[in-house]
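A look at the structure
Here is what each chain is made of, one letter per residue.
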Amino acid sequence: MASPVDVVLGSVAFAIFWVLAVFPSVPFMPIGRTAGSLLGAMLMVLFRVMTPDQAYAAIDLPILGLLFGTMVVSIYLERADMFKYLGKLLSWRSMGPKDLICRICLISAISSSLFTNDTTCVILTEFVLKIARQNHLPPHPFLLALATSANIGSAATPVGNPQNLVIAVRSKISFGDFLFGILPAMLVGLVLNALLILCMYRRLLSIQRDEEDAIGKAVADENAITHWFSPATILHSSSLNSQERNSKLETINEQSSPDINGNTVHVDTIRSRESSAENEMFQMVSNNALESSALMITVTSDDSSKRCEEIPLLSNKQIRVRSALFVESSESEGKENFTKRLKRTMWKPCVYLVTLGMLISMLMGLNMSWTAITAAIALIVLDYRDAQPCLKKVSYPLLIFFCGMFTTVDGFNRTGIPSTVWDLVEPYAKINNLFGIAVLAIVILVLSNLASNVPAVLLLGVPVATSATALSVTHEKKAWLILAWVSGVAGNLSLLGSAANLIVCEQARLAPLGYNLSFWKHLKFGVPSTLIVTAIGLAFMIK
């Protein structure tokens, strides 16, 4: 233990950090999680619990690099319509609400394991809510399926959630060992979670067949409406109509000729102008082409006022030259459009190939942080345009939050309180027997929901691994994987247990067809799901 003064001051700094991290909008200091983590780090230094150099050293740069790289890759995957395709899979030939629940669970889990649970929930929440609303279904079973499956699926890979990034970097477990160590538990847990939703909400999900048929058509109809009334389509059709009107006008001018006696020929047309508030009638009068090369236009407004304008006519030679120029410009525009189409067509497969290469490189055991950063830079170069708009979408507040959290948690560890508490629990939390694994799982579950899963991993990671290493070297890897699995599934216990839960809740509440997923609705399903999925998953991991 540190000195009593350091223990007290360090505990105060950590308590302030904890309150602002779990309740970012507390009335007495509504500064948010990011500022709260920086405040906790600053207090650790001001209270002399740690020196400034120790505070800087506590920031884990490989974890930040891995987090940044995966964020950039996810942004470019979103631009390449990866998540739109995943959304379409939800409604493609759907066989009803129960089938939709199973699809949401599967797609959410796979997407989260590859692109993080937070990204998956941000992209798919509004889409899932829209499908439920369009088919007059209660949204909360589908939102629960999305959030809980995202947390379960994210536990399977090092890039699935932030705490797994910490575990993968600090344990030095390869991507492949991490994946195959947790994959059986994840698959079983995913099936159990889907079955629990279907059982608990079976009455809400029982609808007539004619309503089931509408689910597969809802998104397709909406996409058709969006296509027909998109700004690009309207602009394109307006351009074509304008060109068509101009060509007709030129044809009229060419074909209209005065009679030999010098009498004028009148052509009356009515045009509707979008940019003008008044409707005007144009009377185009062509003079004798033998004596005049101008066209007189008499404009009659609604208030009966008239004005005359003289427009020079084009000779046949001028018309031919202008037509030739028009053909050349059309050809050049066609070449440019073809080049853009070709680039856009080739760019998407390149994004997918770079992402696949990143995952394969991680499976081969290459450094995960630099692999993710390399993939991110490769996508930026392939995009061949200013990267600032995409880089603006990176969640820099989350990166800053991690910096402050690393420093705050390291300062709290220096007080000696976590190690003292662990010394009391360690004799009962040995992972070489079932009772010890159960005790360790309960500790992780409780701490993950009290302090959030990332701080829980930072506090428990080294002590748990050290205790397991004392038993045998092989137990160390097992301890890290148990920590990853339980801390990931622990996010399903309550609405505050995971950032993905809060994202689903807020996205659903702020959506045009909004829905409030309450704390108690989540808790009612979260408690049994978390306990059952955690226990059965551990049984498959410790075989």
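Structural data are supplied above this passage.
One structure accompanies this document, and this report is about it.

1. Quick look at the nonpolar core
Core analysis: the largest hydrophobic core is formed by 129 residues, its most contacted members being Y76, F142, F402 and W485. Considering every element that reaches this core, the biggest residue donor is helix α10 (residues 175-200), with 11 residues. Setting aside its immediate chain neighbours within four residues, Y76 contacts W347, V351, L379, I380, D383, A387 and C390.

2. Section: the environment of L190
By the element assignment, L190 lies in helix α10. Taking the relative accessible area as the measure of exposure, L190 reaches 10% and is therefore buried. The spacing of L190 and A150 is 40 residues in sequence and 9.5 Å in space, taken between C-alpha atoms. With sequence-adjacent residues up to four places away left out, L190 is seen in contact with C105, L106, A109, S149 and I152.

3. Quick notes on helix α8 (residues 139-154)
Taking 1.5 Å of rise per residue, 16 residues should cover 22 Å, and α8 covers 23 Å from first to last C-alpha, within 8% of that figure. Burial of α8 is extensive: 16 of the 16 residues sit out of reach of the surface.

4. Re a nonpolar patch on the surface
A cluster of nonpolar side chains, contributed by L353, L356, I360, M364 and L366, occupies part of the molecular surface with about 530 Å² of accessible area. By the secondary structure assignment, L366 is in the loop between α13 (316-363) and α14 (368-383).

5. Points about the layout of surface pockets
The calculated volume of the largest pocket comes to roughly 1100 Å³. Lining the largest pocket are 45 residues, and of these D118, S395, L398, A499 and I503 lie nearest its centre. Across the lining of the largest pocket, the residue classes break down as 25 nonpolar, 16 polar and four charged.

6. So, the environment of N367
Positionally, N367 belongs in the loop between α13 and α14. The class for N367 is partly exposed, based on a relative accessible area of 47%. In sequence terms N367 and L66 are 301 residues apart; their C-alpha atoms lie 9.5 Å from each other. A distance of 3.0 Å separates the side chain of N367 from the backbone nitrogen of W370, its partner in a polar contact.

7. Considerations on the packing of aromatic side chains
Applying the stated criterion across every chain yields a total of eight aromatic pairs. With a centroid separation of 4.1 Å and an interplanar angle of 10°, the aromatic rings of F14 and F412 are classed as stacked. Pair noted here: F14 is in helix α1 (residues 4-22) and F412 is in helix α16 (residues 396-414), with a separation of 398 residues, a long-range link. Summarising the burial analysis for this pair, F14 and F412 share the class buried. An aromatic cluster of three or more residues is present, and its members are F14, F17, F401, F402, F406 and F412.

Calculation notes
Residues numbered from 1 in each chain as written. Predicted model: local features only at pLDDT ≥ 70, side-chain atom pairs only at ≥ 80, totals over all residues. Heavy atoms only, no water. Core = buried A, V, L, I, M, F, W, Y, C linked by side-chain atoms within 4.5 Å. Buried < 20%, exposed > 50% of the residue type's maximum accessible area, 1.4 Å probe, protein only. Helix = DSSP H or I, 4+ residues; strand = E, 2+ residues; numbered from the N terminus. Contact = heavy atoms within 4.5 Å. Expected span 1.5 Å × (residues − 1). Patch = residues over 30% accessible without salt bridge, like charges linked within 9 Å, V, L, I, M, F, W, Y side chains within 5 Å. Areas by Shrake-Rupley, 256 points an atom, 1.4 Å probe, with all protein chains shown as cover. Salt bridge = Lys/Arg side-chain N within 4 Å of Asp/Glu carboxyl O. 1 Å grid on protein atoms, 1.4 Å probe; cavity = no way out; pocket = protein on both sides within 12 Å on 5 of 7 lines; lining within 4 Å. Points joined across faces, edges and corners; volume = space filled by probe spheres on them. Nonpolar A, V, L, I, M, F, W, Y, C, P; charged D, E, K, R; others polar. Polar contact = N/O pair within 3.5 Å; in protein donor to acceptor, adjacent residues only side chain to side chain. Phe/Tyr/Trp six-rings, centres within 6.5 Å; stacked < 30°, edge-to-face > 60°.

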